Amino acid sequence: MKIHLLAVGTKMPDWVTKGFKEYAHRLPARCSLHIKEIPAEKRAKNSNIKGIKVKEAEKLKAAIPGNCRIVALDVSGQIWSTEKLATRLQDWMMSGQDIALLVGGPDGLTQELLQLANERWSLSKLTFPHPLVRVILAEQLYRAYTITENHPYHRAG
């Protein structure tokens, strides 16, 4: 199974790229994590935010590989414990489908993308900067994987 993290935003700080790669590298080939950065639309003081979201959504939608289960990262989604994520990860792996995790730009995802999603997941009731979300996702996916393998990483934390 491949997990495709499709995230709006490019040119991340070095610590984000290193953090993401560290955890993505730890995952085995049978549960690999890959990122595809989607260029954000330019925003200005009087930007048409609705129009910007639509353009970003079109790019995200076009980047979703075929036959993927779509999981939208959204503030209105379900909050999962790490153990629940491990269960979801096992279910995803057994389904035979790849996974597309969608992370919108600063203004979030459009209703169309949220409706297209098979699931909606919220990382927290807290608001995180988008670069940090990439690292959190990679680490939590790795942690969930270690739970499925009874690896001591989760318990050592």
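For the structure, check the block above.
Rules of the game
Residues numbered from 1 in each chain as written. Predicted model: local features only at pLDDT ≥ 70, side-chain atom pairs only at ≥ 80, totals over all residues. Heavy atoms only, no water. Axes fitted to C-alpha atoms, helices over the stretch in contact; angles between N-to-C directions. Helix = DSSP H or I, 4+ residues; strand = E, 2+ residues; numbered from the N terminus. Parallel < 35°, antiparallel > 145°, perpendicular 65-115°, else oblique. Contact = heavy atoms within 4.5 Å. Nonpolar A, V, L, I, M, F, W, Y, C, P; charged D, E, K, R; others polar. Pairing = 2+ DSSP bridges.

*Asks:* Describe the packing of helix H3 (residues 82–95) against helix H5 (residues 130–148), and please don't skip the residues or the numbers.
*Replies:* Look at H3 against H5: their axes get within 8 Å of each other, and the N-to-C directions meet at 75°. Considered as vectors, H3 and H5 are oriented roughly perpendicular to each other. Mapping the contact onto sequence places Thr82, Glu83, Leu85, Ala86, Leu89, Gln90, Trp92 and Met93 in H3 and Gln140, Leu141, Arg143, Ala144, Tyr145, Ile147 and Thr148 in H5. Looking at the contact of H3 with H5, its residues break down into nine nonpolar, four polar and two charged.

*Asks:* Got a sec to walk through the sheet that holds strand E1 (residues 2–8)? Specific residues and values, please.
*Replies:* Read across the sheet, five strands follow the order E2-E1-E4-E3-E5 without closing on themselves; strand pairing throughout is parallel. Of all strands in the sheet, those bounded by a partner on one side alone are strand E2 (32–38) and strand E5 (119–122). Ignoring strand direction, the axes of neighbouring strands in this sheet form an average angle of 30°. In this structure, E1 lies alongside strand E4 (residues 98–103), joined through five bridges in parallel fashion. Residue Leu6 lies in a different strand from E4, and its bridge partner there is Leu102. This element, helix H2 (residues 49–63), spans E1, E2 and E4 of the sheet and lies at about 165° to E1.

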